[in-house]
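Architecture and fold: a report
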Amino acid sequence: MPPPTLRMTSGDWGLLLVLSVLWGGSFFFTGIALGALPPLTLVVLRVGLAALVLHAVVRAAGLPMPRAASVWAAFLGMGLLNNALPFCLIVWGQTRIPSGLAAILNATTPLFTVVVAHALTTDERMTRDRLAGVLLGVCGVAVMVGPAVLTGLGRDGLGQLAILAAALSYACAGVYGRRFREMGVPPLVTACGQVTVSSLLILPLALLIDRPWTLPVPGAAVWGAVLGLAVLSTALAYVLFFRLLARAGATNIGLVTFLIPVSAVLLGTLILGERLDARHALGMALIGCGLAAIDGRLPAALRARLHRPAARRP
């Protein structure tokens, strides 16, 4: 089977934008749900409900779930790297540091991905353009969030390390998840298997630590946030994630963390009537330049223009 293409089509970019909106909404849903639910309980509800939804969709689509132990072992590794570990780290980290700072630290995922993919793959090697593009994207996220949030940069080192560890885990998951394409597992089935295993991993911890049966019953707003987190930001999002991963590779799928704050700002401006500041526009411009550099089209066009021989005068 040929390796995934490293240059995304316009359709891939569209799916990446949709994915950024779905995952950007997870911060909103998490903020609401954390007011009534402890972190581990929220995480297990997120992946557990997503697993139920995806199993129903897989059955409706007539797709069989794999029975091979090797495939379920791969689901276990993916569930640990892409769900159980980063979800717990991010939710716990968000209880200790501002969400804006968490967004900046989470935006280091593509930087980690470039390094991990360079070390562990043969077709996603680090290049000068990719590294420069990732650094531009991180700077763009920092500019969009604004300098005020950086005042808390040194206050809670453990919270910040938790978000950085989650970013590294996501990077490893992007590279690890490439194997499902080689196994011939469809993206829908891969997403279903991943969240199923993740639920089984996190459930014992939630029962042991949070003791959710002792908690008061949440209100309608909290349950709405949990459903949005499970159905939209997890079930649907991971179907798109694995589809893009199979087509575009780990480095390109990691770019979604740059687009998440862009989606959040644009949605706030268009739907909620929030103000679009100059720093938002500058941050988006930096992110756009970074994405173009990583994609390879802009650097290639500039090099071609610079090396084009000058036209001779008649």
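Residues numbered from 1 in each chain as written. Predicted model: local features only at pLDDT ≥ 70, side-chain atom pairs only at ≥ 80, totals over all residues. Heavy atoms only, no water.

1. Considering unusual backbone geometry
Phi at arginine 211 takes a positive value of approximately 45°, unusual for a residue other than glycine. In this structure, arginine 211 sits in the loop between helix H9 (187–210) and helix H10 (220–248). Exposure remark for arginine 211: the relative accessible area of 44% places this residue in the partly exposed category. (Helix = DSSP H or I, 4+ residues; strand = E, 2+ residues; numbered from the N terminus. Buried < 20%, exposed > 50% of the residue type's maximum accessible area, 1.4 Å probe, protein only.)

2. Observations concerning the packing of aromatic side chains
Note on aromatic pairs: each is described by the distance of the centres and the angle between the planes. Applying the stated criterion across every chain, the model contains eight aromatic pairs. Ring geometry for phenylalanine 180 against phenylalanine 242: centres 6.0 Å apart, planes inclined by 85°, an arrangement best described as edge-to-face. Of this pair, phenylalanine 180 sits in helix H8 (residues 179–183) while phenylalanine 242 sits in helix H10, and the two are 62 residues apart along the sequence. There is no split in this pair, since phenylalanine 180 and phenylalanine 242 are both buried. Relative to phenylalanine 242, the ring of phenylalanine 241 lies with its centre 5.0 Å away and its plane at 85°, an arrangement referred to as edge-to-face. Comparing phenylalanine 241 with phenylalanine 242 shows no difference in burial state: the two are buried. Joined through ring pairs, the aromatic side chains of Trp23, Trp72, Phe75, Phe180, Tyr238, Phe241 and Phe242 make up one cluster. (Phe/Tyr/Trp six-rings, centres within 6.5 Å; stacked < 30°, edge-to-face > 60°.)

3. Here's the deal with the nonpolar core
One finds Leu19, Tyr238, Phe241 and Phe258 to be the most contacted residues of the largest nonpolar core, which totals 74 residues. Look past the residues within four positions of phenylalanine 258 in its chain and what remains in contact with it is Ala107, Pro110, Gly133, Val134, Gly137, Val138, Val141, Ile287, Leu291 and Ile294. The next biggest cluster of nonpolar side chains, apart from the first, holds eight residues, and it includes Leu37, Leu42, Val222 and Val226. (Core = buried A, V, L, I, M, F, W, Y, C linked by side-chain atoms within 4.5 Å. Contact = heavy atoms within 4.5 Å.)

4. Some details on the packing of helix H2 (residues 39–61) against H9
Contact geometry for H2 and H9: axes closest at 7 Å, N-to-C directions at 150°. Taken together, the axes of H2 and H9 are roughly antiparallel relative to one another. Of the two elements, H2 crosses H9, and the hand of that crossing is left-handed. Of the residues that constitute the contact of H2 with H9, the class distribution is 21 nonpolar, six polar and one charged. (Axes fitted to C-alpha atoms, helices over the stretch in contact; angles between N-to-C directions. Parallel < 35°, antiparallel > 145°, perpendicular 65-115°, else oblique. Left-handed = near helix turned anticlockwise from the far one by under 90°. Nonpolar A, V, L, I, M, F, W, Y, C, P; charged D, E, K, R; others polar.)

5. A short note on the packing of helix H5 (residues 109–120) against helix H7 (residues 157–176)
What describes two packed helices is the angle between their axes and the distance between those same axes. Two numbers describe how H5 lies on H7: the axes approach to 8 Å, and their chain directions differ by 40°. Of the possible angle classes, the one that applies to H5 and H7 is oblique. Where H5 crosses over H7, the two elements pack in a sense that is right-handed. Between H5 and H7, the contacting residues are Thr109, Phe112, Thr113, Val116, Ala117 and Leu120 on the first element and Leu164, Ala167, Leu168, Tyr170, Ala171, Cys172 and Val175 on the second. Of the residues belonging to the contact of H5 with H7, the class tally is eleven nonpolar, two polar and no charged.

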